[in-house]
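Coordinate inspection notes
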Amino acid sequence: MDTLLDIVGISKSYGTHRVLDGVDLSVGRGEVVGIVGENGAGKSTLMSIFSGHQQADGGTMRLNNAPYWPKDSVDAQSRGVGIIQQDFTLDPELTVARAIFRNTYQADRPQRALVRPAQWLLDEAAVGLSPDMAIGELAHAEQGLVEAVRLLAEDAQLVIMDEVAATLNLKELDKLHFIISRLTRQGRSVLYVSHRLHEVQSVASQIAVIRSGRIPEILDPRQVTVDDIAAHMRTRGARRAWFPDRMDEEFAREEAEAAQPSAPGASAEAPTTHAPQRSADPAPYVPPTAPAAPAFEPSPTPEPMDSWAVPRSMTSPWTAGPARKPAVPPAAAAPTFEAPVVEAPVEAPVVQPAVEAPAVEAPVVEAPAPQAPPTAPGRGRRAMASDDGRTYADEAGDESQQIILEVVGLTAPGMSGQGVEDLSFSVFSGEVLGITGSRRAGQDAIVGALNGRAPGTFRTLRINGYNRTISSPEDAALLKVAYLAGPDEETGEERKRSVARAMLTGGWSDGSSFESEVDGIATILGALEKLHSATKRLRGRRAIRHGEKLESVGSTLSGGQQQMVLLDELMTQEADVLIVNEPGRGLDFDARAVMREKLNDAAENGAAVLLVSSDVDELVRSCRRVLVMDRGQIVRTVEGSPLSPDELSAALTQVG
Ligand SMILES: Nc1ncnc2c1ncn2[C@@H]1O[C@H](COP(=O)(O)OP(=O)(O)OP(=O)(O)O)[C@@H](O)[C@H]1O
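A brief structural summary. Treat the numbers as computed from the prediction; the structure is a model and nothing was measured.

1. Some thoughts on unusual backbone geometry
Negative phi values dominate among residues other than glycine, just as trans dominates among peptide bonds. Here the amide bond leading from S641 into P642 is cis, since omega sits at 0°, within 30 degrees of zero. As for its position among the elements, P642 is in the loop between β21 (633-639) and α20 (645-654). Of note, the phi angle at S212 is positive, near 50°, even though the residue is not glycine. In this structure, S212 sits in the loop between β9 (206-211) and β10 (214-219).

The structure is reproduced here in structure tokens:
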């Protein structure tokens, strides 16, 4: 095959941290090379060297058989290299047409002159957006599709897509794949970075694994399973970070096995891979051999719940507990019921806020359920009033069927225009309830009303058996409703702010002033203690290195590391209701497994967990019940243990 890009020995350090340590890679014309690796492996760094956003410290690059060393991104673009960066942020004022043509000779033409060519490209790619729409009206995922269409409009021979698919839903993924196939049919090459391994497998002709600063293996996607790819990515350091208490014994065993030359599979030669020349991994990986069909079917035969993703040999401290109880609700408790309010106003319990927040009034307590204890409930299960006044625990004798969060008759306008009306659902103890659906189907409205960031009225909102109201983020915080923001609420730029800010304000966004947040914290001492424990925790996770201070870390974190930081903070909150919006975005295979474990743990400990996600694979692995939304309605509830990916995919293809 004709080679478009050939690189040898590329290296890059940030200070003393050597991220790339002699990367070799060859990309043929018209092929899609999947780029995978753990969080922080150096994928984005390598891509930004190709795109001229950063300079390598050493090595050689050739593009089209000519030396290639772009001095900046404009230079790279003029040489035929285009990129969609992981943390791209588009000007919200741009129209879709302008965004598509902004790097081309057409950039200065008036909007009306751009409408037709833009519409043609959008139609070609089956992206149903209007050229006149403002970028600010679009979800981040849709902006990613606009970026992909931009690449069709540009002349790039080498197209780089860094985590564009992270929050795309099934239909949007189809569109992206279609655009990729158009690009390759035109003879262009695509470097495709993604943590959605099924998807990489289906779209790539070869998969380059970045590990320990190199590309020690190129995998044939038709010859490996997703688990194989993940195993190739895995390094010991990251495993130790995630599984600190369990790994020493296993490492010792692995090392002993690796030291035996006759150990099965100990050869660095693998039938399913071919090592690029010049690479020498100090610790050769022993690749599994089982070939598997690579078609993009989100986990057609998902593993049993307790063995998800994390290999048995890597059982984490979070899986060490008792097996999770089934969270499938009884048939009598269908999630979209119209529930009468429990008539049980005895005496109002004293609400004890979770944190000693000064001078903030507790949200109104309207109608405590009769069996609720006289103080605000903490973690753990107990008998709960259902919508019809019964307790599922009493009725079924099974604690797992208690309702923790009960939403009845929610009407909310939504943040991005699509509201919901008179919508009801419940979350049971031990359950991670999934919410998915078409883009802008009303997920934002639900989430916004529950976390107090957007308006909404509930006929009844009951948490742990108490009637509640939430009309501000402060209300939500007092009721221990924790929230992990979604991709549409924080820009890539905001995410580069300091980790200290994220720790103290619960997010990267500029929605509130950092200074006022700090002022509002009860004591400076408390804040310092929080930062201190966050520093310790994040060092343990390798999200920050020794000598680094939270205040100065932010822009130096990789996309996945940033997400990890927020998840870590979220889990310290011990929330009663945990709402996570696309929590797996940017996380690598093992980090996602850990995230799932942590969400399960939270549910096990009595929290209601709401998982808003576009990722079928993620939903199938995490949930046994998923609400599918379309145009402000819950149109379908998909249930199963395990959940059927086919059924969920089919439900999603039926929505708008
Ligand atoms: N400007 C910087 N200064 C210091 N360190 C940096 C900087 N940019 C990235 N790093 C570090 O370099 C390493 C590689 O980061 P990179 O973003 O390339 O990883 P990645 O493989 O793309 O990760 P992810 O999958 O999480 O996106 C990380 O450890 C990151 O903390």
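2. Some points on the environment of E93
Tracing the sequence through the fold places E93 in the loop between β6 (81-84) and α3 (96-101). The spatial distance from the C-alpha of E93 to the C-alpha of G136 is 6.3 Å, given a sequence separation of 43 residues.

3. Re the site of the ligand
In the vicinity of the ligand, 20 residues are found, and the nearest of them are K43, T45, T556, S558 and G560. Separating an oxygen atom of the ligand from a backbone N or O atom of S44 is a distance of 2.9 Å. At a separation of 2.8 Å, an oxygen atom of the ligand approaches a polar side-chain atom of H195. Computed on the free molecule, the ligand has an accessible area of 640 Å², of which 87% lies beneath the protein chains in the complex. Of all the secondary-structure elements, those providing two or more residues to the shell around the ligand are β2 (17-28), α1 (43-50) and α17 (559-571).

4. Regarding the packing of helix α5 (residues 140-153) against helix α6 (residues 170-185)
Close contact between α5 and α6 brings their axes to 10 Å; oriented N to C, the two are set at 10°. Between α5 and α6, the interaxial angle falls into the category roughly parallel. Here A141, E142, L145, A148, V149, L151 and L152 of α5 come into contact with α6, specifically with E172, K175, L176, I179, R182 and L183. A per-class count over the contact of α5 with α6 returns nine nonpolar, no polar and four charged.

5. Considering the pattern of salt bridges
Applying the stated criterion across every chain yields a total of 21 salt bridges. Between R150 and E147 there is a salt bridge whose closest N-O contact spans 2.9 Å. Here R150 pairs with E147, and both are found in helix α5, just three residues apart, close to one helical turn. Of the charged contacts in the structure, one is a salt bridge between R222 and D220, with a shortest N-O distance of 3.1 Å. For R222, a relative accessible area of 55% corresponds to the exposed category.

The rules behind the values
Residues numbered from 1 in each chain as written. Predicted model: local features only at pLDDT ≥ 70, side-chain atom pairs only at ≥ 80, totals over all residues. Heavy atoms only, no water. Helix = DSSP H or I, 4+ residues; strand = E, 2+ residues; numbered from the N terminus. Near = heavy atom within 4 Å. Polar contact = N/O pair within 3.5 Å; in protein donor to acceptor, adjacent residues only side chain to side chain. Areas by Shrake-Rupley, 256 points an atom, 1.4 Å probe, with all protein chains shown as cover. Axes fitted to C-alpha atoms, helices over the stretch in contact; angles between N-to-C directions. Parallel < 35°, antiparallel > 145°, perpendicular 65-115°, else oblique. Contact = heavy atoms within 4.5 Å. Nonpolar A, V, L, I, M, F, W, Y, C, P; charged D, E, K, R; others polar. Salt bridge = Lys/Arg side-chain N within 4 Å of Asp/Glu carboxyl O. Buried < 20%, exposed > 50% of the residue type's maximum accessible area, 1.4 Å probe, protein only.

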